[in-house]
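# Coordinate analysis (summary)
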Amino acid sequence: MGIDRPGKFDFIALKGDPIQASNFYGQDILSVSQFTRESLAYIFSVAEEMREMVQGMGATDLLRGYVLACLFYEPSTRTSSSFIAAMERLGGGVIPITQGVQYSSVSKGESLPDTIRTLEQYADAIVLRHPQVGAAKVAADYAHVPIINAGDGTGEHPTQALLDLFTIREELGKIDGLRVAMVGDLKYGRTVHSLTRLLSMYDVEIFLVSPEILRLPLDQANDLRDKGIRVRETYHVADVISTVDVLYVTRVQKERFADLSQYEEVRDFYEITPDLMKQAKERMIIMHPLPRVGEIHYAVDDDPRAAYFRQMRNGMYIRMALLAEVLGKARQ
Ligand code: NCD
């Protein structure tokens, strides 16, 4: 696998282009709406190659000499560590601003555009997590290097959705024809927003399971229906557990509530227990973007259908594939 070292001017010319099946080079990754079934299939095949490579050799020097900046304005464990691990396993280096922007010039009042324009002096791409919807797009408008959205408030979390979809495909062998239940905080959960959008490119049935105040925003539910997706809404996991192929459970996003008493009302709305899992199909999976705060009992972890640990590992392979494709050309 050779690599074509990009110059920043190449990136300027490429930014904003729709992602073609195998042309991620120089692209920002801001939203799942940039993807097609073809480009998803391509990135999944690269992720599979990355897994084989890691299992066989641990690391490669594909991105030697490249530097990735990870700029996180919100807490993170999996997303930040898996991007760092991905870059290191590809032989590249990382500027990790992941332990709190309070230790960076952000705490001196530096604006997002200025912080981005600083980091692009040192790095070939920037991974950004930020509390505001649209922040990654703003960063991309200023940056001359690719911006990868690692979560913009309640907006999107495209790389998580890619690893989620990859996990479904790896675990169940297909996506078309599946019944997927999204459970929990469908209002504020950005992983839900990105994954439901991605799923709507396939022939799936989606069950939306949430308390009333955490329903999927109406425009997003309507978008799904407009795309011909069969969507059903309910408050109870018990209504869907016996028919679904994927149970995608999420945390109630405490940090997004203006009124914490409302959070208290819904925080323990769902609990997936071994008893409940008795009603689920033998061949199905339970997923969670994590962290969990009580929605899935620890006793469920030993169930072979609990896919959330495998899901996390897939995150590294997907992020390796994205970095290799955005920064260079994995297959030349
Ligand atoms: C999610 C996030 O940050 O949106 N975590 C993650 O990236 N795996 C989900 C969450 O925080 O609940």
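Preceding this paragraph is the structure being described.
Keep in mind it's a predicted model, so treat the numbers as computed, not measured.

### Topic: the overall build of the chain
Of the regular secondary structure elements, the chain holds 11 helices and 9 strands. Relative to its length of 332 residues, the chain is compact, with a C-alpha radius of gyration of 19 Å against a globular reference of 20 Å. Along the first, second and third principal axes, the C-alpha atoms of the chain reach 55 × 45 × 40 Å. Here the chain holds 332 residues, and the buried ones make up 58% of them. Taking all contacts inside the chain whose residues are at least 6 apart in sequence as the whole, residues at least 24 apart take part in 73%. Entry remark: accessible area of the chain is about 13800 Å², with carbon and sulfur atoms responsible for 49%.

### Brief notes about the packing of aromatic side chains
One pass over the structure, following the stated rule, counts 7 aromatic pairs. The interplanar angle of 20° and the centroid separation of 6.2 Å between the aromatic rings of Phe24 and Tyr42 together place this pair among those described as stacked. Here Tyr42 lies in helix H2 (residues 37-57) and Phe24 lies in the loop between helix H1 (8-14) and H2, a separation of 18 residues in the sequence. We note that Phe24, like Tyr42, is buried. Every member of this aromatic cluster is reached through a ring pair, and the members are Phe24, Phe35 and Tyr42.

### Focus on the site of the ligand
The local shell around the ligand consists of Thr79, Arg129, His157, Gln160, Arg190, Thr191, Arg251, Gln253, Pro289, Leu290 and Pro291. Here Arg190 contributes a side-chain N or O atom positioned 2.8 Å from an oxygen atom of the ligand. Here the ligand, which alone exposes 320 Å², has 94% of that area covered by the protein. Taken together, the residues of the shell around the ligand break down into 3 nonpolar, 5 polar and 3 charged.

### Side note on the pattern of salt bridges
For the structure on display, the rule yields 25 salt bridges. The salt bridge involving Glu233 is made with Arg225; its shortest N-O contact spans 3.8 Å. Residue classification places Glu233 among the partly exposed positions, given a relative accessible area of 31%. Residue Arg225 is classed as partly exposed on the basis of its relative accessible area of 36%. Here Lys281 makes a salt bridge to Asp245, at a shortest N to O gap of 2.8 Å. Taken as a pair, Lys281 in the loop between helix H10 (274-277) and strand S9 (285-287) and Asp245 in the loop between strand S7 (230-234) and strand S8 (246-249) lie far apart in primary sequence, 36 residues in all.

### Considering the environment of Pro113
Looking at the element boundaries, Pro113 is found in helix H4 (residues 112-119). On the basis of relative accessibility, which here comes to 15%, the residue Pro113 falls in the buried class. Sequence separation of Pro113 and Ile206 is 93 residues, and the distance between their C-alpha atoms is 38 Å.

### Brief notes about the sheet that holds S9
Spatial strand order, S7-S6-S5-S8-S9: 5 strands in an open sheet with parallel pairing. Whereas interior strands pair on both sides, the edge strands pair on one side only; in this sheet they are S7 and S9. Taking each pair of neighbouring strands and ignoring which way they run, the sheet shows an average axis angle of 20°. By the bridge criterion, 5 bridges tie strand S5 (residues 179-183) to strand S6 (residues 205-209) in an arrangement that is parallel. Across the sheet, residue Val183 finds its bridge partner in S6, namely Val209.

### Observations concerning helix H8 (residues 218-226)
Every buried residue of H8 is listed here: Gln220, Ala221 and Leu224. When H8 is viewed along its axis, its buried side chains cluster within an angular range of 100° and face the same direction. Exposed residues pointing more than 90 degrees away from the buried face of H8 are listed as Leu218, Asp219 and Asp226. At its buried positions, H8 is contacted by helix H7 (190-199), S6 and S7.

### Focus on the nonpolar core
Within soluble globular proteins, side chains that are nonpolar generally end up buried alongside one another. In terms of nonpolar packing, the biggest core is built from 69 residues, with Leu165, Ile168, Met182, Leu199, Met320 and Leu323 touching the most fellow members. Looking at which element gives the most residues to this core, the answer is helix H11 (residues 308-327), with 10 residues. When near neighbours in sequence (up to four residues on either side) are disregarded, Leu165 contacts Leu40, Phe44, Ile175, Leu195, Leu198, Leu199 and Tyr202. Phe207, Val237, Val249 and Ile296 belong to the second-largest nonpolar core, a separate cluster that totals 22 residues.

Scoring rules and cut-offs
- Residues numbered from 1 in each chain as written.
- Predicted model: local features only at pLDDT ≥ 70, side-chain atom pairs only at ≥ 80, totals over all residues.
- Heavy atoms only, no water.
- Helix = DSSP H or I, 4+ residues; strand = E, 2+ residues; numbered from the N terminus.
- Rg over C-alpha atoms; globule rule 2.2 N^0.38 Å.
- Buried < 20%, exposed > 50% of the residue type's maximum accessible area, 1.4 Å probe, protein only.
- Contact = heavy atoms within 4.5 Å.
- Areas by Shrake-Rupley, 256 points an atom, 1.4 Å probe, with all protein chains shown as cover.
- Phe/Tyr/Trp six-rings, centres within 6.5 Å; stacked < 30°, edge-to-face > 60°.
- Near = heavy atom within 4 Å.
- Polar contact = N/O pair within 3.5 Å; in protein donor to acceptor, adjacent residues only side chain to side chain.
- Nonpolar A, V, L, I, M, F, W, Y, C, P; charged D, E, K, R; others polar.
- Salt bridge = Lys/Arg side-chain N within 4 Å of Asp/Glu carboxyl O.
- Pairing = 2+ DSSP bridges.
- Axes fitted to C-alpha atoms, helices over the stretch in contact; angles between N-to-C directions.
- Arc of directions from axis to C-beta.
- Core = buried A, V, L, I, M, F, W, Y, C linked by side-chain atoms within 4.5 Å.

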